[in-house]
Amino acid sequence: MNPNQALWEKGDFTQIAATMRESGAALVAQLGITEGLTVLDLGCGDGTTAIPEAKLGATVLGVDIARNLVEAGNRRANAERLTNCTFQEGDACNLSDLNDHSFDLVVSIFGAMFAPKPFDVAKEMVRVTRPGGRVVMGNWIPGDPTLVAQVLKISSAYTPPPPEGFLSPMLWGMENHVIDRFKQAGIAKENITFLRDTFTFNAPYSPSEFFNTFKNYYGPTMNAFDAAEKNGKAAELDQALDALFNSQNKSPDTTTTSIPATFLRVTVQC
């Protein structure tokens, strides 16, 4: 199996996506989506942004490498009776089954950034976007003090070194790398804009329970615990992450969770 597919099918990201619904809808509301727009939502999960895009009247195709998330997305679309929203399996590095210039808008929020061939990802996103259309990405920022960047940073200290040639997904959170990748896909630097934005995870349970959701269902964290267990460091990792989730919680009620996380919003005019 494709290693990236194995990573995202290992857990059940829908458990985390449930805490992302409000921020997903709020982000989509800022994208100027109108009825009849064609949208590709890449690395869509179970539809955190794809479902709100469809509710605004766009015709949406959600593509994700994890088959369990594609199935979950289609179930959500069916439950909402959204005939203008479908999900299918696909790899952000190679969208060969999608035609050139077939979408007005390509959206990837914390999705395509995790695909292993970033230059191919940029090229494919630009290829399937019509001239005059847009690509919008949301990417976590390396070294950022907020939740997800810190989860990935702490987890990486417990996992084996990546294979030679590995490019960290966090490089998508650095403007110079984003410019370089889209430049090689034929986009001029002046057609790329950046904005630091905030995505808030909201859960009706405690930060420690939210941490356990990551521990049990988020592929990268699951892999970190597998490695830490072998090295006798699982308790140490558990303590570090539990402390992180509790320290980041902004909810005045300790039985609920509200954790904001900073990300880089990238907009590319094609």
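Calculation rules
- Residues numbered from 1 in each chain as written.
- Predicted model: local features only at pLDDT ≥ 70, side-chain atom pairs only at ≥ 80, totals over all residues.
- Heavy atoms only, no water.
- Helix = DSSP H or I, 4+ residues; strand = E, 2+ residues; numbered from the N terminus.
- Rg over C-alpha atoms; globule rule 2.2 N^0.38 Å.
- Buried < 20%, exposed > 50% of the residue type's maximum accessible area, 1.4 Å probe, protein only.
- Contact = heavy atoms within 4.5 Å.
- Areas by Shrake-Rupley, 256 points an atom, 1.4 Å probe, with all protein chains shown as cover.
- Lys, Arg positive; Asp, Glu negative; His and termini not counted.
- Charge placed at Lys NZ, Arg CZ, Asp CG, Glu CD.
- Core = buried A, V, L, I, M, F, W, Y, C linked by side-chain atoms within 4.5 Å.
- Phe/Tyr/Trp six-rings, centres within 6.5 Å; stacked < 30°, edge-to-face > 60°.
- Pairing = 2+ DSSP bridges.
- Axes fitted to C-alpha atoms, helices over the stretch in contact; angles between N-to-C directions.
- Right-handed = clockwise from strand over helix to strand, strands pointing away.
- Parallel < 35°, antiparallel > 145°, perpendicular 65-115°, else oblique.
- Left-handed = near helix turned anticlockwise from the far one by under 90°.
- Nonpolar A, V, L, I, M, F, W, Y, C, P; charged D, E, K, R; others polar.
- Polar contact = N/O pair within 3.5 Å; in protein donor to acceptor, adjacent residues only side chain to side chain.
- UniProt positions renumbered as here; feature names shortened; annotations may be inferred.

An unreviewed UniProt entry lists the protein chain under the name Methyltransferase domain-containing protein, with Spirosoma fluviale given as the organism.

Colleague: Could you give an account of the overall build of the protein chain, naming the residues involved and the relevant values?
Modeller: Of regular secondary structure, the protein chain possesses 11 helices and 7 strands. Computed over its C-alpha atoms, the radius of gyration of the protein chain comes to 18 Å, within 12% of the 18 Å expected for a compact globule of 270 residues. Over its C-alpha atoms, taken along the principal directions, the protein chain stretches across nearly 50 × 45 × 35 Å. Within the protein chain, buried positions represent 55% of all 270 residues. The contacts of the protein chain with a sequence gap of at least 6 include a subset with a gap of at least 24, amounting to 78%. Total accessible area computed for the protein chain in this model is approximately 12,100 Å², and 50% of it derives from carbon and sulfur atoms. Charge separation in the protein chain, taken as the distance between the mean sites of 22 positive and 30 negative side-chain charges, equals 3 Å.

Colleague: Lay out the side chain of Thr267 in plain terms, naming residues and giving numbers.
Modeller: With respect to the helices and strands, the residue Thr267 is situated in strand β7 (residues 257-269). Sequence-distant contacts of Thr267, defined by excluding residues within four places in its chain, comprise Arg134, Val135, Val136, Asn191, Ile192 and Thr193.

Colleague: Which residues make up the nonpolar core, and what values do they have?
Modeller: Grouped together as the largest cluster of nonpolar side chains are 91 residues, with contacts concentrated most on Leu40, Cys85, Trp140, Leu147, Phe182 and Phe201. If we ignore the near neighbours within four places in the chain, the residues touching Cys85 are Ala50, Ile51, Ala54, Val60 and Ala77.

Colleague: How would you summarise the packing of aromatic side chains if you had to cite specific residues and measurements?
Modeller: Counted according to the given criterion, the structure contains 20 aromatic pairs. Ring centres of Phe110 and Phe263 lie 5.2 Å apart, and the angle between their planes is 90°; on these two criteria the pair is classed as edge-to-face. You can see Phe110 sitting in the loop between β4 (103-109) and α6 (118-128) and its partner Phe263 sitting in strand β7, a full 153 residues away along the chain. Each of the two residues, Phe110 as well as Phe263, counts as buried.

Colleague: So, the sheet that holds β7: which residues are in play, and what are the values?
Modeller: With mixed pairing, the 7 strands of this open sheet are ordered in space as β3-β2-β1-β4-β5-β7-β6. Strands at the two margins of the open sheet, each flanked by one partner only, are β3 (85-89) and β6 (192-203). Averaged over all adjacent pairs, the angle separating strand axes in this sheet is 20°, with direction ignored. Against the sheet, helix α8 (residues 175-184) engages β5 (129-140), β6 and β7, with an angle of about 120° to β6.

Colleague: With reference to specific residues and values, describe the pairing of β3.
Modeller: Judged from the 5 bridges that link them, strand β2 (residues 59-64) and β3 form a sheet pairing that is parallel. The residue of β3 that forms the bridge with Asp64 is Glu89. One crossover worth recording links β2 to the parallel β3 by way of helix α5 (residues 67-79), and it is right-handed.

Colleague: I'd like a description of the packing of helix α9 (residues 207-217) against helix α11 (residues 234-248), backed by residues and values.
Modeller: Relative orientation and spacing of two packed helices are given, respectively, by the angle between their axes and the distance between those axes. As a packed pair, α9 and α11 sit with axes 8 Å apart at the nearest point and diverge in direction by 130°. Taken as axis vectors, α9 and α11 run oblique relative to one another. Judged by the sense of rotation from one axis to the other, the crossing of α9 with α11 is right-handed. Only Asp238, Leu241, Asp242, Phe245 and Asn246 of α11 make contact with α9, whose side of the interface consists of Pro207, Ser208, Phe210, Phe211, Phe214 and Lys215. Its residues assigned to classes, the contact of α9 with α11 shows 6 nonpolar, 2 polar and 3 charged.

Colleague: Please provide a residue-by-residue account of unusual backbone geometry, values included.
Modeller: Of note in the backbone geometry, Arg81 takes a positive phi value of approximately 55° without being a glycine. Here Arg81 shows up in the loop between α5 and β3. Backbone geometry at Phe110 places phi at a positive 55°, although glycine is not the residue there.

Colleague: How would you explain helix α1 (residues 3-10) if you had to name every residue and give the values?
Modeller: If you check which residues of α1 are buried, you get Asn4, Gln5, Leu7, Trp8 and Glu9. Lining the buried residues of α1 we find α5, β3 and α10 (219-230). The N-terminus of α1 is capped by Asn2, whose side-chain oxygen sits 2.7 Å from the backbone nitrogen of Asn4.

Colleague: So, the UniProt feature "domain: Methyltransferase type" (unreviewed entry) in the protein chain: which residues are in play, and what are the values?
Modeller: Residues annotated in UniProt with the feature "domain: Methyltransferase type" (unreviewed entry) correspond here to residues 40-136. Between the end C-alpha atoms of residues 40-136 there is a gap of 10 Å, over a span that is 31% helix and 30% strand.

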